[in-house]
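Remarks on the overall topology
This is what each chain is made of:
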Amino acid sequence: MAKEFIVAIELGSSKVIGVAGRKNLDGSIQVLACAKENSSSFIRKGYVYNIDKTAQCLSNIVSRLEKQLKTRITAVYVGVGGQSIRSVRNVITKELPNETKVSQDMIIELMDANRNMKYPDQEILDAAVQEYKIDSQLQLEPVGVQCSRIEGNFLNILQRKTFYKNLNKCLETADVNVAEMYLAPLALADSVLTEVERRSGCALVDLGAETTTVSVYSKNILRHLAVIPLGMSNIVKDIASLQMEESDAERMMLKYASAWTDNNDIDNNMKYSIDNERQVETRKFIEIVEGRLEEIIANVWCQVPDEYCDKLLGGIIITGGGSNMKNIEQAFQNYTHIDKIRIAKYVTGTVTSQLQELNVRDGRMNTVLGLLAKGEINCAGDEFDPNGNLFEQPKAAAGTATPEARRVRSAGEIPAGVVRTADEQRRAEEEAQRKKDEEERIAREQAEEEERERQRLRKENSFWNKAFKGLKEFGKKMVDEDEE
């Protein structure tokens, strides 16, 4: 094999981004290739609504990466995000005989029971363990503790089934072999948050083009996750309402927009130029930008659960393309009254590259780099000549874990943040049904055996059976006496 590298793809509302990189022994990542394509015509608010166009885009991304690498790509890591993703708390309780020691099998049983929960029109993407309540005590690692009651507290991450199916369908249509699907917000959090921030409590805000993702952490545990269907494109559309094209509005936002401006600094006589012939009043422009941004921040703050609002000692961390807006920290401080605000322009790990896209460091590449960091499976196949036989069939790389080869993993075996593919979900449901049928068969056979035993005992204790036994014993006694 010529090379070893990992490939990650992020499906964003404005762009689909693919990167290939190599993990070094010291834990750093060297990015080898990058490809981007505009996605605004087939991905809306982070979800796939045109399967064919998305599939074609994925094929183009993979093809462009292969040409740069001069190597076939056999698998990719894919980020799952977008509108409709939300978190719901759930509790699973199990009563135990007094002073029972908690085992790993009991924990897996609780996890499986939680994973098998049904939500109308919703798919469970991931289940984040909060804590386990052992009798009246909270424990993170309950195995080995004696108790009479165990309660598992979970944060289930849900997405509408339609969106989940569309994503899997476009991957299948594009003939992309998925090494692993991963929750993009969790990969992002792992790549930009420090351990101190996650432990002391923080809110991560990813300001994207059409969506804003809010992740709340406390004691190193994800406590809440939500995707708000508002983003920087809403500001662009509001600016466009001033009688201009959206392309001009976007240019003006990038050039003039500020998240907060002191009223004393606004010149009522000043105007911003739309083009050589048209202008817009500065105050009106500022009011439009700040008004929409305040709405986005208000929605972000509403997503922070009440019990954590005054416990965000790690502060608010802002990332994504929207984090580049001037005075964004001041705008968040004004509304939330949280003084500790940090802009995450880049991932915390060491990433090196000679590519310009990676060296801009404006927060736009953080999610896909986070996905890349999660990769463990080699995605490289055989070398090929980009100018050679275009119809050559790619050969699978040795050691690549395909969905067909991977066995069905129980809930306890699925790493945090990993999303089952549609194929894995189907096989997991079949396995769960098989286990259920087997348990029902065993229970039925035990019931039949118990019924046969009851009938036998009933027969033995019946009047006629006792009378027959008595006569039989009397006859045997008489025979024995005659023989004597």
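Criteria and cut-off values
- Residues numbered from 1 in each chain as written.
- Predicted model: local features only at pLDDT ≥ 70, side-chain atom pairs only at ≥ 80, totals over all residues.
- Heavy atoms only, no water.
- Axes fitted to C-alpha atoms, helices over the stretch in contact; angles between N-to-C directions.
- Helix = DSSP H or I, 4+ residues; strand = E, 2+ residues; numbered from the N terminus.
- Parallel < 35°, antiparallel > 145°, perpendicular 65-115°, else oblique.
- Left-handed = near helix turned anticlockwise from the far one by under 90°.
- Contact = heavy atoms within 4.5 Å.
- Nonpolar A, V, L, I, M, F, W, Y, C, P; charged D, E, K, R; others polar.
- Core = buried A, V, L, I, M, F, W, Y, C linked by side-chain atoms within 4.5 Å.
- Buried < 20%, exposed > 50% of the residue type's maximum accessible area, 1.4 Å probe, protein only.
- Disulfide = S-S within 2.5 Å.
- Pairing = 2+ DSSP bridges.

This paragraph deals with the packing of helix 8 (residues 282–302) against helix 9 (residues 328–336). Taken N-terminus to C-terminus, the directions of helix 8 and helix 9 make an angle of 55 degrees; their axes are 10 Å apart at the nearest point. When the axes of helix 8 and helix 9 are compared, the pair comes out oblique. Both helix 8 and helix 9 take part in a crossing whose hand is right-handed. Contacts from Leu-293, Glu-294, Ile-297, Ala-298, Val-300 and Trp-301 in helix 8 reach Ile-328, Ala-331, Phe-332, Tyr-335 and Thr-336 in helix 9. For the contact of helix 8 with helix 9, a count of residues per class yields nine nonpolar, one polar and one charged.

A few words now on the nonpolar core. By size, the foremost hydrophobic cluster in this structure holds 76 residues, and its most contacted members are Leu-11, Leu-171 and Leu-369. When residues in this core are grouped by element, the largest group, seven residues, is from helix 1 (residues 51–69). In contact with Leu-369, other than residues within four places in its own chain, are Val-31, Tyr-346, Val-347, Val-351 and Leu-358.

Tracing the backbone through its elements, the reader meets Leu-358 in helix 10 (residues 356–359). Owing to a relative accessible area of 1%, Leu-358 belongs among the buried residues under this scheme. In the structure, Leu-358 is positioned 327 residues away from Val-31 in sequence and 8.2 Å away in space, judged by C-alpha atoms. For Leu-358, the contacting residues outside a window of four places in its chain are Val-31, Cys-34, Tyr-346, Ser-353, Met-365 and Leu-369.

Of note, Arg-441 is situated in helix 12 (residues 422–460). Placed 343 residues apart in sequence, Arg-441 and Asn-98 show a C-alpha to C-alpha distance of 29 Å.

This paragraph deals with the state of the cysteines. Across all of its chains, the model carries zero disulfides by this definition. Among the cysteines around Cys-170, which has no disulfide bond, Cys-57 carries the closest sulfur, lying 9.3 Å off. Classification of Cys-170 by relative accessible area gives buried; the value is 0%. The cysteine Cys-302 is free of any disulfide, with Cys-309 supplying the nearest cysteine sulfur at 9.0 Å.

This part takes up helix 6 (residues 232–240). Structurally, the α-helix is built with 3.6 residues per turn, so residues lying three or four positions apart point the same way. With eight of its nine residues buried, helix 6 lies for the most part within the structure. Of all the residues in helix 6, the buried ones are Met-232, Ser-233, Asn-234, Ile-235, Val-236, Asp-238, Ile-239 and Ala-240. On its buried side, helix 6 packs onto helix 7 (246–256) and helix 8.

Between two packed helices, both the angle of their axes relative to each other and the distance between the axes serve to describe the pair. The interhelical angle for the contact between helix 1 and helix 3 (residues 161–173), taken along N-to-C directions, is 50 degrees, at an axis separation of 8 Å. For the element pair helix 1 / helix 3, the angle class is oblique. Here helix 1 and helix 3 pass one another in a crossing that is right-handed. Judged by residue contacts, Ile-51, Asp-52, Thr-54, Ala-55 and Leu-58 of helix 1 engage Asn-166, Lys-169, Cys-170, Leu-171 and Thr-173 from helix 3. Residues belonging to the contact of helix 1 with helix 3 are distributed by class as follows: five nonpolar, three polar and two charged.

Turning to the sheet that holds strand 7 (residues 76–80), a few remarks are in order. Strand order in the open sheet made by the seven strands is 20-3-2-1-7-12-22, with mixed pairing throughout. The sheet is open, and its two edges are formed by strand 20 (351–352) and strand 22 (418–419), each paired on a single side. Bridge count for strand 1 (residues 6–11) against strand 7 is two bridges, and the pairing is parallel. Across the sheet, residue Ala-8 finds its bridge partner in strand 7, namely Tyr-77. Relative to the sheet, helix 1 contacts strand 1, strand 2 (15–23) and strand 3 (29–38), its axis offset from that of strand 3 by approximately 140 degrees.

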